[in-house]
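Close look at the chain arrangement
Each chain, written out:
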Amino acid sequence: MKLFTGILLGAVAAQAHYTFPRLVVNGKAEEKDWSVTRMTKNAQGKQGVENPTSADIRCYSSQAAANVADVPAGSTIHYVSTQQINHPGPTQYYLAKVPAGSSAAKFDGSGAVWFKFHTTMPTIDKNKQFTWPGQNLYTTVNATIPDNIPDGEYLLRVEHIALHMAMQANKAQFYLSCSQIRITGGGNGTPGPLVALPGAYKSNDPGILVNLGAIKPDAYQPPGPAVWSDS
Ligand SMILES: *[C@@H]1O[C@H](CO)[C@@H](O)[C@H](O)[C@H]1NC(C)=O
């Protein structure tokens, strides 16, 4: 009986974890999992990153993907999730331009190269709980690749930060992926502020170590830099 309970609890815990193996650009999904998106270390186990200063916070991967996706500036993008994204917390998107002399299939994303282009804020639902856009879906929220971004190869990073245990240090769970993309039809904007990952997040950032029961929704501060505004 005890064993049976343990198995049940294990199954529930695994369902609450997820990965983002497939990028969707203007409604067209990556042909198969992990073809332009770099396979993450939790592809099997699904557990999130809990230490926001660890190397895993960047892409959570140890291998490049085989392909690079063409993504026109202005595209709508999102990711398919392997499980329902059922925890409260923000979804954020970042891009990093591949430096001259490297390529999207090789660049490791090191240095102050990342800018944020989308984040999400909570509201209160009818049960007086925090709820975020996209919560309880099997896809991440949509975001738009900025129109004015310079053309070239980039790493695209998605993260969903699960905050249900975030009142304890290093208990927020980061679910994330990086994809290899080539942006076309962009402009001459200067994206920023640029940050390094790890580097941009600390364990005690107010958006990472947070008791959702003790703040109002509009007081939530998504971690990391401000969203780039290209206007
Ligand atoms: C997200 O974008 C896709 C196209 O990629 C579209 O089909 C879908 O309706 C959008 N979802 C929302 C909530 O706007």
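Residues numbered from 1 in each chain as written. Predicted model: local features only at pLDDT ≥ 70, side-chain atom pairs only at ≥ 80, totals over all residues. Heavy atoms only, no water.

1. Focus: the state of the cysteines
Working definition of a disulfide: a covalent bond connecting the sulfur atoms of two cysteines. Tallied over the full model, the rule gives 1 disulfide. Each sulfur of the disulfide joining Cys59 and Cys178 lies 2.1 Å from the other. Taking the sign of the torsion about the S-S bond as the criterion, the disulfide between Cys59 and Cys178, at about -90°, is left-handed. Separated by 119 residues along the polypeptide, Cys59 in the loop between strand 2 (28-29) and strand 3 (69-72) and Cys178 in strand 11 (residues 173-184) bring together distant segments of the chain. Both residues of the pair, Cys59 and Cys178, belong to the buried class. (Disulfide = S-S within 2.5 Å. Helix = DSSP H or I, 4+ residues; strand = E, 2+ residues; numbered from the N terminus. Buried < 20%, exposed > 50% of the residue type's maximum accessible area, 1.4 Å probe, protein only.)

2. Some remarks on the site of the ligand
In the vicinity of the ligand, the residues found are Asn26, Gly27, Thr76 and Asn142. Between Gly27 and the ligand, the recorded distance is 2.8 Å, taken from a backbone N or O atom to an oxygen atom. Between an oxygen atom of the ligand and a side-chain N or O atom of Asn142, the distance comes to 2.4 Å. The residue makeup of the shell around the ligand, split by class, is no nonpolar, 4 polar and no charged. (Near = heavy atom within 4 Å. Polar contact = N/O pair within 3.5 Å; in protein donor to acceptor, adjacent residues only side chain to side chain. Nonpolar A, V, L, I, M, F, W, Y, C, P; charged D, E, K, R; others polar.)

3. Let's talk about the environment of Gly185
Structurally, Gly185 can be placed in the segment after strand 11. According to the relative accessible area criterion, Gly185 is exposed, its value standing at 60%. Note: C-alpha distance between Gly185 and Ala73 (112 residues apart in sequence) is 5.6 Å. For Gly185, the residues in contact, after removing those within four places along its chain, are Ala73, Asp147 and Asp151. (Contact = heavy atoms within 4.5 Å.)

4. Focus: the UniProt feature "domain: Auxiliary Activity family 9 catalytic" (unreviewed entry) in the chain
Mapped onto the present numbering, the UniProt feature "domain: Auxiliary Activity family 9 catalytic" (unreviewed entry) falls on residues 17-213. Taken end to end, residues 17-213 comprises 0% helix and 28% strand; its first and last C-alpha atoms sit 22 Å apart. (UniProt positions renumbered as here; feature names shortened; annotations may be inferred.)

5. Remarks on the nonpolar core
Among the nonpolar cores identified, the biggest contains 28 residues, and Trp114, Leu163, Ala172 and Phe174 are the most heavily contacted of them. In terms of residues, this core owes the most to one element, strand 11, which gives 3 residues. Sequence-distant contacts of Ala172, defined by excluding residues within four places in its chain, comprise Val49, Glu50, Ile161, Ala162, Leu163, Ala166 and Ile208. Membership of the second largest hydrophobic core comes to 27 residues, among which are Val71, Ile85, Leu95 and Val141. (Core = buried A, V, L, I, M, F, W, Y, C linked by side-chain atoms within 4.5 Å.)

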